[in-house]
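Observations on the model geometry
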Amino acid sequence: MPLFIHNSLTGKKEEFVPLVPGSVSMYVCGITAYDYSHIGHARAYVAFDVIYRYLRYKGYDVTYVRNFTDIDDKIIKRANESGHDTRALSEEFIGKFHEDMDALGILRPTAEPRATDTIPQMITLINTLFDKGYAYKAGDDVAFSVKKFSGYGKLSGKKIDELESGARVDVDDKKQDPLDFILWKAAKPGEPAWESPWGKGRPGWHIECSAMSGSILGDTIDIHGGGKDLVFPHHENEIAQSEAATGKPFVRYFIHNGFVNIDSEKMSKSTGKFFTVRDIRKQYHPEVVRLFLLSVQYRNPVDFSEKNLRDSGEALNRLYTTKARIFEAAHNTAAARQGGPVPREVQDAVSAFSAGFQEAMDDDFNTALVLGRLFDLSHLLNRFLDVQKDTPETGRASLIAEWETIAGALDVLGILGRDPEAYFSEVKGLRFTDTALNSQDIERLIAERNAARKAKDFKRADAIRDELAESGVVLEDGPGGTTWKPK
Ligand SMILES: [Zn+2]
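Description of the structure in this document. (Residues numbered from 1 in each chain as written. Predicted model: local features only at pLDDT ≥ 70, side-chain atom pairs only at ≥ 80, totals over all residues. Heavy atoms only, no water.)

Attention now moves to the side chain of Glu238. Examined against the element boundaries, Glu238 turns out to sit in helix α7 (residues 231–246). Discounting residues that sit within four places of it in the chain, Glu238 has contacts with Cys29, His206, Cys209, Ser210, His224 and Phe250. (Helix = DSSP H or I, 4+ residues; strand = E, 2+ residues; numbered from the N terminus. Contact = heavy atoms within 4.5 Å.)

See below:
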């Protein structure tokens, strides 16, 4: 089935056709490494992780590059304040970034180049821009002449005239035009600097990505991604530099993820509507955060709130409870192991999920729809397990086989890969984990309650029922004994 991607270059959903059949080149703008990563970073990198995983699921050989900006004004300022050198500071925060992203189950890209390791490639690129008449000396700096590039504005839809009238002109600006941007910045005293044909200095931000992408992935790449905030000026400027230098299209499909709002307001450090991944991880299991981020299609804004995180936590507990029940059921009795296939209804539901998964993912990676279908499937499996409690001879082992057919889909989402026991023990001690009893605890409490009822200790029996109810577990007494299900 063909994959359709919303391409920011055209504003339309288009069938994805890579330049080289069977392989995909993908570049996603990385962090500026001077501080802890925030929930906006988590959103972007989870979104592109799922895109990366899905492309591989579809059989593509994907080369995925995500850079680190390890030199810029903010890094220099922070390094000076803390008495570190810039390299040590950025390496420290690259390490912390990896810890956070690994926790969120984000796969490492094929390559993670650092800007300061790519200086020669940037110098080559700027030299080409000089040769072709796009770069010029602006005082001691080097600038790019925006008006010389006729395609300027094709991604953001901005017009040169409109930009011109809104542009702020600096008195000591050496640029020929306020729209022009800096390719190479002359060194100031005390700043890290690299040798170049234009004197000691350091690269501008935009040139990094053009150089890293071009030197690793080639002149034209299939997918370029990043947050919506990068469309202008960053990605617009990347296009200008790369296409001016190579004369070829830079990117075939631009993908931009939506913003994160905090309690329905724009994320902002100054208003306190701001969370680092590190702080969030103290309260919520990282897989809960991942599920939450995938509960909205990547282009839409996602609303970070305690309620939404709590809902995702409860949803994940329910999914892991289902998984635990499936695996335990299969091992419970010899009869279960020898039983026949699961009923048609269950088989159909599982294959419908698999087909629905591909259909939703092929429609611009609609993880929200996939999760809705997964919750429905989980609900149906629980109902089946409730019934099965009374008729163990109808093969539960085949239920595991059914579950395993959706393992590939779950792996694309990057959820439910843990052993349920491990998951429930990991969430203990975190917030909103009161629903996180594992199924062994539940079975033990049910046995205790049965013993209390036999001994006519109804007070104790009711207390156990209440305790389970508070943890989100509902008991049902039937002729075949007591069964349970998540609330
Ligand atoms: Zn970039």
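Turning our eyes to something else, we now look at the sheet that holds strand β7 (residues 181–186). Across the sheet, which stays open at both edges, the four strands sit in the order β5-β6-β7-β8 with antiparallel pairing between neighbours. Strands at the two margins of the open sheet, each flanked by one partner only, are β5 (135–138) and β8 (201–203). Adjacent strand axes in the sheet meet at a mean angle of 25° when their direction is disregarded. With four bridges joining them, β5 and strand β6 (residues 141–144) adopt antiparallel strand pairing. Residue pairing in the sheet places Tyr136 in a bridge with Ala143 of β6. (Pairing = 2+ DSSP bridges. Axes fitted to C-alpha atoms, helices over the stretch in contact; angles between N-to-C directions.)

What follows covers the side chain of Ser196. Here Ser196 shows up in the loop between β7 and β8. A polar contact of 3.3 Å, which involves the side chain of Ser196, links it to the side chain of Trp184. At 2.6 Å, the side chain of Ser196 forms a polar contact with the backbone oxygen of Gly199. Not counting chain neighbours up to four residues away, the residues in contact with Ser196 comprise Ile123 and Trp184. (Polar contact = N/O pair within 3.5 Å; in protein donor to acceptor, adjacent residues only side chain to side chain.)

The next point concerns the coordination of the zinc ion. Protein-derived ligands of the zinc ion are Cys29 (SG), Cys209 (SG), His234 (NE2) and Glu238 (OE), with the metal-ligand distances lying across 2.0 to 2.5 Å. Taken together, the four donor atoms coordinating the zinc ion span angles of 72 to 129° at the metal, a pattern that classifies the geometry as irregular. Read from N- to C-terminus, the donor residues coordinating the zinc ion fall into the pattern C-x179-C-x24-H-x3-E. Taken together, the residues span a long stretch of sequence, with Cys209 in helix α6 (residues 205–217) and Glu238 in helix α7 at a distance of 29 residues. The same class applies to Cys209 as to Glu238, namely buried. (Donors = N, O, S within 2.8 Å, 3.2 Å for Na, K, Ca; no water. Tetrahedral: all angles 85-135°; square planar, octahedral: opposite > 155°, others 65-115°. Buried < 20%, exposed > 50% of the residue type's maximum accessible area, 1.4 Å probe, protein only.)

Strand order across the open sheet formed by three strands is β12-β11-β13, with mixed pairing between neighbours. Where the open sheet ends on each side, the last strands, each with one partner, are β12 (265–266) and β13 (302–304). Note: strand β11 (residues 260–262) against β12, two bridges, orientation antiparallel. The residue of β12 that forms the bridge with Ile262 is Glu265.

Turning our attention to the packing of aromatic side chains. Counting across every chain of the model gives 20 aromatic pairs. A ring pair is formed by Tyr52 and Tyr64, whose centres lie 4.9 Å apart and whose planes are at 55°; its orientation type is tilted. With a gap of 12 residues between them, Tyr52 in helix α1 (residues 39–57) and Tyr64 in strand β4 (residues 61–66) connect regions that are remote in the sequence. Judged by centre distance (6.5 Å) and plane angle (70°), the rings of Tyr320 and Phe424 are edge-to-face. Taken together, the positions of Tyr320 in helix α10 (residues 306–332) and Phe424 in helix α16 (residues 420–427) put the pair 104 residues apart, joining distant regions of the chain. Seen from the ring of Tyr52, Arg56 lies directly overhead, with NZ or CZ sitting 4.6 Å from the centre. One residue, Lys158, lies across the ring of Phe232, its end atom 5.1 Å from the ring centre. (Phe/Tyr/Trp six-rings, centres within 6.5 Å; stacked < 30°, edge-to-face > 60°. Lys NZ or Arg CZ within 6 Å of the ring centre and 35° of its normal.)

Time to look at helix α12 (residues 344–362). Note on helix geometry: an α-helix contains 3.6 residues per turn, so any two residues three or four positions apart are oriented the same way. Between its first and last C-alpha atoms α12 spans 27 Å; for 19 residues at 1.5 Å apiece the expected length is 27 Å, and the two agree. If you check which residues of α12 are buried, you get Val346, Ala349, Val350, Phe353, Gly356, Phe357, Ala360, Met361 and Asp362. Positioned one or two residues after α12, Asp364 has a phi angle of 60°, which is positive. (Expected span 1.5 Å × (residues − 1).)

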